[in-house]
Amino acid sequence: MILPIPAIDILEGKVVRLEKGDYQRVTVFSDTPSEVARKWEAEGAPMLHVVDLDGARQGWPVNFESIRQILKAVRIPVQIGGGVRITETLRHYITEGAQRVVLGSIAIKDPQEFEKMVAFAASQIAVSLDVENGNLKIQGWTENTSIRATCFAQNLKQIGIQHFIFTDVAQDGTLTGIRPRVIQEFLQESGVSIILAGGVSSVDDIRKVKTIEGVEGVILGKALYTSALRLKDVIKTLREE
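Computed from a prediction, not measured in an experiment: that's the story for all the values here.

S.K.: Any details on the overall build of the chain? Residues and values, ideally.
M.R.: Summing up its helical and strand segments, the chain has 11 helices and 12 strands in all. Computed over the C-alpha atoms, the radius of gyration of the chain is 16 Å, within 12% of the 18 Å expected from 2.2 N^0.38 for a compact globule of 241 residues. Across its three principal axes, the chain shows a C-alpha extent of roughly 45 × 40 × 35 Å. Within the span of the chain, comprising 241 residues, buried residues form 56% of the whole. A separation of at least 24 residues holds for 66% of the contacts in the chain among residues at least 6 apart in sequence. Roughly 10,700 Å² of accessible area belongs to the chain as shown, and the carbon and sulfur atoms make up 44% of that amount.

Right, here's the structure in full:
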């Protein structure tokens, strides 16, 4: 079954959602990330996706303590991203209990440090592919690149990266639905499997995701927090034959 994965995005210690990655377009949903984590676990989430938004922008783990509290609060696997730029940070998160650590900008900005991370824990690394018009965006979506996401993913697969998170930046936080064609084209050209993020806003979107071969999980954000989508409905839909 495709894994339904609630997102917990943390900004200044609070659970928030951004629209299209814009730090000026913020909605706050909770002051206590660990309580939100417990809520999703209680509702049947098999995994959580936690992002340190301050870390993504500043380049170091700003909300480390909030994330540590989440890891203590739940028993389900947690993957963590945002501001992981050195191997020591990767090691800290894994030591604290993270199942996976999500890397993005570092793979482009500092290939040598990224190689150290891969050597340390390749199987526990997920690389975030934040894609707009086929190219990668980095630094918390604040910087454009001319790097084709499909070629980048192929290269990473060859060096042992097994997990990829594909975000359709244009759809993220908009509640306008997914774009199956964009996702399918990426999967076919890259040859990797993905966890999908960005734009999932209805049970109909979940049904569409089920038809796309190569999607292993789907990250659920704004739709859950605004009650446009209920986790139990997502789980039920994913379990249907």
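S.K.: I'd like a description of unusual backbone geometry, backed by residues and values.
M.R.: Positive phi, normally seen in glycine, also occurs at N133, with a value near 55°. Structurally, N133 is set in the loop between β7 (125-132) and β8 (135-138). Look at S227: it is not a glycine, yet its phi comes out positive at around 65°. Looking at the secondary structure, you find S227 in the loop between α10 (222-225) and α11 (231-239). Residue classification places S227 among the exposed residues on the basis of a relative accessible area of 57%.

S.K.: Before we move on, can you summarise the nonpolar core with the specific residues and values?
M.R.: Counting 67 residues, the largest nonpolar core has I8, L48 and I194 as its most contacted members. Per element, the largest residue contribution to this core is 5 residues, and it comes from helix α3 (residues 64-73). Membership of the second largest hydrophobic core comes to 9 residues, among which are I5, A7, I165 and I219.

S.K.: Break down the pattern of salt bridges for me, with residues and values.
M.R.: Applying the stated criterion to the full structure yields 11 salt bridges. Where E96 meets R68, a salt bridge forms, and the shortest distance between an N and an O atom there is 3.6 Å. Residue E96 is found in helix α4 (residues 87-96), and its partner R68 is found in helix α3; the two are separated by 28 residues along the sequence. Using a relative accessible area of 32% as the deciding quantity, one classes E96 as partly exposed. When its relative accessible area of 25% is taken as the criterion, R68 is described as partly exposed. Among the ionic pairs, R181 bridges to E185, the shortest N-O distance being 3.1 Å. Placement of both R181 and E185 in helix α8 (residues 180-190) is noted, with a separation of 4 residues, approximately one turn of the helix. Residue R181 is classed as exposed on the basis of its relative accessible area of 54%.

S.K.: Describe the layout of surface pockets, listing the residues and the values that go with them.
M.R.: By volume, the largest pocket amounts to about 230 Å³. Forming the boundary of the largest pocket are 14 residues, of which N133, G134, R148, V182 and E185 lie nearest the centre. Contributions of two or more residues to the lining of the largest pocket are made by β7, α7 (149-158), β10 (163-168) and α8. When residues of the lining of the largest pocket are assigned to their parent elements, the largest contribution, 4 residues, is made by α8.

S.K.: Tell me about the pairing of strand β2 (residues 14-19), and please be specific about residues and values.
M.R.: In this sheet, β2 lies alongside strand β1 (residues 3-11) in antiparallel orientation, the contact comprising 3 bridges. Bridge pairing in β2 places D9 opposite V16. Connecting β1 to the next strand, β2, in antiparallel fashion are 2 residues, including E12 with a positive phi near 55°. Here β2 runs beside strand β3 (residues 22-30); their pairing, made up of 5 bridges, is antiparallel. Counted as the bridge partner of V15 is S30 from β3.

Reading the values: the criteria
- Residues numbered from 1 in each chain as written.
- Predicted model: local features only at pLDDT ≥ 70, side-chain atom pairs only at ≥ 80, totals over all residues.
- Heavy atoms only, no water.
- Helix = DSSP H or I, 4+ residues; strand = E, 2+ residues; numbered from the N terminus.
- Rg over C-alpha atoms; globule rule 2.2 N^0.38 Å.
- Buried < 20%, exposed > 50% of the residue type's maximum accessible area, 1.4 Å probe, protein only.
- Contact = heavy atoms within 4.5 Å.
- Areas by Shrake-Rupley, 256 points an atom, 1.4 Å probe, with all protein chains shown as cover.
- Core = buried A, V, L, I, M, F, W, Y, C linked by side-chain atoms within 4.5 Å.
- Salt bridge = Lys/Arg side-chain N within 4 Å of Asp/Glu carboxyl O.
- 1 Å grid on protein atoms, 1.4 Å probe; cavity = no way out; pocket = protein on both sides within 12 Å on 5 of 7 lines; lining within 4 Å.
- Points joined across faces, edges and corners; volume = space filled by probe spheres on them.
- Pairing = 2+ DSSP bridges.

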